[in-house]
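# Structural features, examined
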Amino acid sequence: MTAPMQVDYHDVLRVWREADAVPAIEHAWLFDHLMPIGGDPGGPTYEGWTLLSALAAQTERLRLGLLVTSNRFRPPAMLAKIAATVDIVSGGRLDFGIGAGSRPSHPLARREYEAHGLPYDDFAHSVGNLAEALTVIRRLWTEAEPFDFEGSYVRLTGAFGNPKPVQRPHPPILIGGRSSAVLRVVAEHADLWNIPGGDIDDAVRRSALLDRYCAAIGRDPAPITRSIHLQVSYDEPSATQKEIGEALDAGFGHIVLGLSAPYPADVAQWVADKLIATSTRHHPPT
């Protein structure tokens, strides 16, 4: 994952092109913020979906996505159109990452809403909106005829998506978050679930809670891939290796490795040699 803030576009492009040629790296991610959430508050930050489309056009193999897009930023029908376009540009490599939106306790994330004239409703509203958004996004990707939708948060008239995504029935849906309310949405809608790393015991508890929510609605939880985001330490790779091992042992088989800018030369190959190869030797795939 290359968070597109405090960095130049060409630096991100360099890392993605390099990663695209390293088979051990399976997927690459951006984030979805409109202003920096770390470092210089006035520094550069690139819009996630337009940057993702540019990178999709200049890579060939990597699966790609945003970890995760804020459902607060874009109306769901517009988001469905954007995501379908990226899936087509990439030749069917999009993993559709989405979440309820930034934590209200994070002031640097919160300010971007007011700065861009975006509403910031309470958490219950954002989670309810997320569930309805996923319903209409999936319908726009799959249904052959226009439809109306009258929800509590989303209202559409004559909604129709064309062209459809390349992937059938639709791109995999990854939902990010750890709250109980979001996990209920994960149980209903997600193919992958991502949680930030840092506390593996909490991640395990949240994974077990997701299992229970799946059982409550009669869904087998096993097909929901467990994903975790771990920040890479260039100076102490052994610490990152340890975190990867703990995550794999805990059942998190989809590992997103966050790279800090500035990116060292040949960082993608370094990740493959120093982190991935070491981890897979001790945790062979099943």
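Here, every reference points to the structure presented above.
These remarks concern the structure in this document. Note on numbering: residues in each chain are counted from 1, in written sequence order. Local features in a predicted model are, by the rule used here, given only for residues with pLDDT of at least 70; side-chain atom pairs are given and counted only at 80 or more, and totals for whole chains, interfaces and linings are based on all residues. Where side-chain values are given, they derive from all heavy atoms of the structure, hydrogens and water being excluded.

### Some points on the environment of L230
The following threshold applies: Put simply, DSSP marks the helices as runs of H or I at least four residues long and the strands as runs of E at least two long, and each gets a number from the N terminus on.
Mapped onto the secondary structure, L230 falls in strand 9 (residues 225–231). The spatial distance from the C-alpha of L230 to the C-alpha of V7 is 20 Å, given a sequence separation of 223 residues.

### Focus on the nonpolar core
Note the cut-off: Think of a nonpolar core as a cluster: buried Ala, Val, Leu, Ile, Met, Phe, Trp, Tyr and Cys residues, connected wherever their side-chain atoms sit within 4.5 Å. For every residue, the accessible area obtained with a 1.4 Å probe (protein chains only) is divided by the maximum for its type, and the residue is called buried under 20%, exposed over 50%, and partly exposed between those limits.
Ranked by internal contacts, the top residues of the largest apolar core, which has 71 residues, are W49, L52, F96, I175 and V186. Sort the elements by how many residues they give to this core and helix 5 (residues 123–142) lands first, with eight residues. Of all hydrophobic cores here, the second largest spans ten residues; its members include M1, M5, L67 and V68.

### Thoughts on the environment of G258
Our working rule: Between two residues, a contact is recorded if the distance between any of their heavy atoms is within 4.5 Å.
Counting through the fold element by element, G258 comes out in strand 10 (residues 254–258). Note: C-alpha distance between G258 and Q231 (27 residues apart in sequence) is 4.5 Å. When near neighbours in sequence (up to four residues on either side) are disregarded, G258 contacts M1, H229, L230, Q231 and V232.

### As for the pairing of strand 7 (residues 173–176)
Threshold: Strand pairing follows a simple DSSP-based rule, namely that at least 2 bridges must link the two strands. Handedness of a crossover is defined as follows: with both strands directed away from the viewer, a clockwise route from the first strand across the helix to the second makes it right-handed.
Residues I173 and I175 of strand 7 are buried on one face, and the alternating residues L174 and G176, pointing to the opposite face, are buried as well. Note that strand 4 (residues 96–99) and strand 7 share three bridges and pair parallel. Paired with F96 across the bridge in strand 7 is I173. Where strand 7 meets strand 8 (residues 192–196), three bridges bridge the pair, whose relative direction is parallel. Counterpart to I175 in the pairing with strand 8 is W193. With helix 6 (residues 180–189) bridging strand 7 and its parallel neighbour strand 8, the resulting β-α-β unit is right-handed.

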